[in-house]
Amino acid sequence: MQRVFSGIQPSGIPTLGNYLGAIRNWVALQAEHDCLYCVVDLHAITTWQEPETLRQQTRELAAAIIACGVDPERHILFHQSAVPAHARLAWIFNCVARIGWLNRMTQFKDKAGKDREAASAGLYVYPNLMAADILAYHATRVPVGDDQKQHLELANDIAQKFNHDYATPFFPLIEPLIMPEAARVMSLRDGTKKMSKSDPSDQSRINLGDDADAIAGKIRKARTDAEPLPSDPEGLEGRAEARNLVGIYGALAGMTPAAVLAEYGGQGFAGFKDALAALTVAKLTPIGAETKRLLADPGYIDRLLFDGAARAGAIANPIVAEAERLVGFLQRPSV
Ligand code: AMP
Ligand code: TRP
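Residues numbered from 1 in each chain as written. Chains lettered and ligands numbered in written order. Predicted model: local features only at pLDDT ≥ 70, side-chain atom pairs only at ≥ 80, totals over all residues. Heavy atoms only, no water.

A few words now on the site of ligand 2. What surrounds ligand 2 is a group of 13 residues, the closest being Gln-9, Tyr-126, Met-130, Asp-133 and Gln-148. Within the side chain of Gln-148, one N or O atom sits 3.0 Å away from a nitrogen atom of ligand 2. For ligand 2, the protein covers 91% of the area, taking 370 Å² as the surface of the free molecule. At a threshold of 2 Å from the grid points, most atoms of ligand 2 map onto the largest pocket. At the level of secondary structure, the elements contributing two or more residues to the shell around ligand 2 comprise strand 1 (3-8) and helix 7 (121-135). Top contributing element to the shell around ligand 2 by residue count: helix 7, with 4 residues. Considered class by class, the residues forming the shell around ligand 2 number 7 nonpolar, 5 polar and 1 charged. (Near = heavy atom within 4 Å. Polar contact = N/O pair within 3.5 Å; in protein donor to acceptor, adjacent residues only side chain to side chain. Areas by Shrake-Rupley, 256 points an atom, 1.4 Å probe, with all protein chains shown as cover. 1 Å grid on protein atoms, 1.4 Å probe; cavity = no way out; pocket = protein on both sides within 12 Å on 5 of 7 lines; lining within 4 Å. Sits in = over half its atoms within 2 Å of the grid points. Helix = DSSP H or I, 4+ residues; strand = E, 2+ residues; numbered from the N terminus. Nonpolar A, V, L, I, M, F, W, Y, C, P; charged D, E, K, R; others polar.)

Now the structure itself:
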């Protein structure tokens, strides 16, 4: 059975973009794979996180992932810092990856902003740690949104170079699993920017914990243009905001954009937004309620994450120990 691995940063409350682009796919893959899902706190601190907030967001994110339908007993849900194998393999990958490869990463350029000299070294080598996350489990299938594709290509370059340098096909190639309909959910304020949990404007995104009023308010105020909805998807060309709302509706309702427009084409945005708000409220508020319920027992999520970490470590430790042996590190003598 092919192993699935994916991760998400505890750097804020997860958004509708995380849900439609990634977590929903995580849930679906459970039926036919062994899955590992990781709250990547090591990745989160590549940009400053207030410590107490990071701790709380790690728990909230884990609870939200379970509320979305990930089963932490049949599969593995854990936080990255609790499995040191990730950091051990990441160091080896820091020495395998080339600076030239990292210089091409567009996410680094976006996140570092104008003052690249002031970015943390961790932000720069972030993709090496991501490659280690996946390859420490010999996972081959990785569900992500389309912004992560470049990182997965880099992970494959690292795996190939390792295999070449140490003359053994030790690491498998990985395959990105990208949901085409919701690969990129865009900001509600600007249809050219992706919806992000780190966007300074809360109006730009729908959070998984938002209540019905907040969801309806944000959708009602979402930016649109003055034209009515077109009657077919070609008419969405050059209309980023309209395309985004139609895409969200389709992804939530399980309909193609063409089917959505067959129903709403020719109408103004007001009625469509009401329908979209009702649909979003119906899909997301049960997730928010279940997240709250799970967080009400303070120790529960922590116990669950550490239990997941123990099971994850049992898979990763022998793989990373073998990578260390291939590199030429001494092996622990058997007693
Ligand atoms: P992050 O929030 O950056 O930790 O991303 C976690 C996962 O959610 C990754 O697989 C991303 O590709 C996915 N994701 C984040 N934002 C979006 C978005 N706006 N649309 C689609 N997928 C997204
Ligand atoms: N870099 C990913 C993001 O920001 C999160 C991530 C970390 C990840 N490690 C991973 C995703 C391993 C898939 C597999 O979205």
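With that settled, consider the nonpolar core. Judged by nonpolar contacts, the single largest core of 57 residues is most densely connected at Leu-16, Tyr-19, Leu-20, Ile-65 and Phe-272. With 10 residues, the single largest contributor to this core is helix 12 (residues 269-295). Of the domains in this structure, domain 1 (3-183 + 297-327) and domain 2 (202-293) are the two that each give at least three residues to this core. Leu-16 has contacts with Met-195, Ile-206, Ile-248, Leu-252 and Leu-284, leaving out every residue within four places of it along the chain. With 47 residues, the next largest nonpolar core counts Cys-38, Phe-78, Ala-136 and Val-142 among its residues. (Core = buried A, V, L, I, M, F, W, Y, C linked by side-chain atoms within 4.5 Å. Buried < 20%, exposed > 50% of the residue type's maximum accessible area, 1.4 Å probe, protein only. Domains from an automatic or database assignment. Contact = heavy atoms within 4.5 Å.)

Partitioning the protein chain into structural domains gives domain 1 (3-183 + 297-327) and domain 2 (202-293). Of the residues lining the interface, 14 residues belong to domain 1; the matching set on domain 2 comes to 13 residues. Of the roughly 1100 Å² buried between domain 1 and domain 2, counting both surfaces, carbon and sulfur atoms make up 77%. When residues of domain 1 are sorted by the area they lose upon contact with domain 2, Leu-16, Tyr-19 and Ala-67 head the list and together hold 41% of the total. Here domain 1 and domain 2 share 0 salt bridges between them. Across the domain 1-domain 2 interface, the total number found is 3 residue pairs in polar contact (both at pLDDT 80 or more). Elements that contribute at least two residues to the side of domain 1 that touches domain 2 include exactly helix 1 (16-29) and helix 3 (51-68). Here the side of domain 1 that touches domain 2 gets 5 residues from one element, more than from any other, and that element is helix 3. For the side of domain 1 that touches domain 2, the per-class residue count stands at 10 nonpolar, 1 polar and 3 charged. (Buried area = accessible area lost by both parts, 1.4 Å probe. Salt bridge = Lys/Arg side-chain N within 4 Å of Asp/Glu carboxyl O.)

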